[in-house]
Amino acid sequence: MRDIDKIKEKVQKLLNLAADRAGTPEGDSFYEKAFALMAAYGFDERDLTAPDEGDLVAHKHYEFAGAYSDMQSRLLLAIAQALHCTGYYQGVPQSTRVESADVFGLRRHMERVDLLYSMLLPVMMAGARGVEPDGWASAVVRRRSFMRGFAATVAKRLQSAERTVSPAGSAYELALVDDALEAERARNAYAESQGLYFKAGATRRSRAFDADAYYRGQDAGSMTDLGQTRVQSRPALPF
């Protein structure tokens, strides 16, 4: 057996011990020892087994239909950014409408993005439909503000959950940073090949805003069951 194979075997044993004692000081100690070895020898948890299809970079094109297509794209790209992916949208000139968006990332992350987006979009739209005009603010302004609050809160919750399984400075955190960089490289290469000028993230022009509806959207995002599990040998994320 090669020396590096022996190191990987030792790391796997430490990770198994850490999992058996999860939530205890002893378990944390085993994790620290495992991460220290991985950092010293330049590999991460995914290198303990042969790379699978989840390590491949994927690209998915999304078409938007119906009302508030800009908010649909905002939710999609917010989820993607929180889960180590990236993308851009194609807007309609002189309009709030967004025709489509393209998202890039490792397949393991893209699967989660697609699942969560398909699950959360109907929740966001249904919640927004329940927001009525109030005083000076029209229904359109209030509903769009609600959806902004919803998307921002969902993204914040996902980011927080990701940090619970990738402690600062750990080898796994560094692997996730590399995943995000891979996604950016894939996005940039595709855009260049298509001669596209893209708008990264969910930036929008300044529009009328209603704080009350935004806070209502935040509350809805906080209470929504995300139901997410990792495409890794990790327990389900606690929401």
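Reading the values: rules and limits
Residues numbered from 1 in each chain as written. Predicted model: local features only at pLDDT ≥ 70, side-chain atom pairs only at ≥ 80, totals over all residues. Heavy atoms only, no water. pLDDT = per-residue confidence, 0-100. Helix = DSSP H or I, 4+ residues; strand = E, 2+ residues; numbered from the N terminus. Contact = heavy atoms within 4.5 Å. Buried < 20%, exposed > 50% of the residue type's maximum accessible area, 1.4 Å probe, protein only. Pairing = 2+ DSSP bridges. Expected span 1.5 Å × (residues − 1). Arc of directions from axis to C-beta. Polar contact = N/O pair within 3.5 Å; in protein donor to acceptor, adjacent residues only side chain to side chain. Phe/Tyr/Trp six-rings, centres within 6.5 Å; stacked < 30°, edge-to-face > 60°. Salt bridge = Lys/Arg side-chain N within 4 Å of Asp/Glu carboxyl O.

Trainee: For this particular structure, what's the right way to read the confidence of the model for the protein?
Mentor: Reading fine detail from the predicted coordinates is not recommended where pLDDT is low. Put simply, the protein has an average pLDDT of 81, and 77% of its residues get 70 or more. Element-level mean pLDDT values for the protein span from 50 in strand S4 (residues 199–200) up to 96 in helix H3 (residues 69–82). When the criterion is pLDDT under 50, residues 228–239 qualifies, and its contacts beyond four places in sequence or with other chains add up to 36 contacts.

Trainee: Would you take a moment to explain the pairing of strand S3 (residues 98–106) for this structure?
Mentor: On a regular strand, each side chain points to the face opposite its neighbour's, so the side chains alternate between the two faces of the sheet. Counting buried residues in S3 gives 8 out of 9 residues, a clear majority hidden from the surface. Relative to S3, strand S1 (residues 57–63) is paired through 7 bridges, and the arrangement is antiparallel. Counted as the bridge partner of tyrosine 62 is alanine 101 from S3. When strand S2 (residues 86–91) meets S3, the two strands line up antiparallel, connected through 6 bridges. Residue tyrosine 89 lies in a different strand from S3, and its bridge partner there is alanine 101.

Trainee: Where do I start with helix H7 (residues 211–223) in this structure?
Mentor: Note that an α-helix has 3.6 residues per turn; residues three or four places apart therefore point the same way. With 13 residues, H7 should cover 18 Å at 1.5 Å per step; its first-to-last C-alpha distance of 19 Å lies within 8% of that length. Taken together, the buried positions of H7 are Ala213, Tyr214, Gly217, Ala220 and Gly221. Relative to the axis of H7, the buried residues are bounded by an arc of 120° and lie together on one face. Check the buried side of H7 and you find it contacts helix H5 (139–164). Here H7 starts with a cap whose side-chain oxygen sits 3.4 Å from the backbone nitrogen of aspartate 212, and that cap is aspartate 210.

Trainee: Would you explain the packing of aromatic side chains in this entry?
Mentor: Remark: the centre distance and the inter-plane angle together describe each pair of aromatic rings, the angle taken between the planes. Under the defined criterion, the tally for this structure stands at 5 aromatic pairs. Note on phenylalanine 104 and tyrosine 190: the rings are 5.6 Å apart at their centroids and 50° apart in plane angle, and the pair reads as tilted. Here phenylalanine 104 is found in strand S3, whereas its partner tyrosine 190 is found in helix H6 (residues 171–194), with 86 residues between them in sequence. Owing to a relative accessible area of 2%, phenylalanine 104 belongs among the buried residues under this scheme. A relative accessible area of 27% means that tyrosine 190 is categorised as partly exposed. Ring geometry for tyrosine 214 versus tyrosine 215: centroids 6.2 Å apart, planes at 75°, classification edge-to-face. A residue is classified by how much of its surface remains accessible, and tyrosine 214, at 19% relative accessible area, is buried. What makes tyrosine 215 partly exposed here is its relative accessible area of 49%. Taken together, Tyr88, Phe104 and Tyr190 form an aromatic cluster joined through their ring pairs.

Trainee: Which parts of the structure should I look at to understand the pattern of salt bridges?
Mentor: A pair can form between side chains of opposite charge whenever their charged atoms are brought close. Inspection of every chain in the model, using the stated rule, returns 7 salt bridges. Residue glutamate 162 pairs with arginine 112 through a salt bridge whose shortest N-O separation is 3.1 Å. Pair noted here: glutamate 162 is in helix H5 and arginine 112 is in helix H4 (residues 107–129), with a separation of 50 residues, a long-range link. Relative accessible area serves as the criterion here: at 2%, glutamate 162 is assigned to the buried category. The buried category is assigned to arginine 112, whose relative accessible area is 4%. When salt bridges with common partners are traced through the structure, they connect Arg142, Asp210 and Asp212 into a single cluster.

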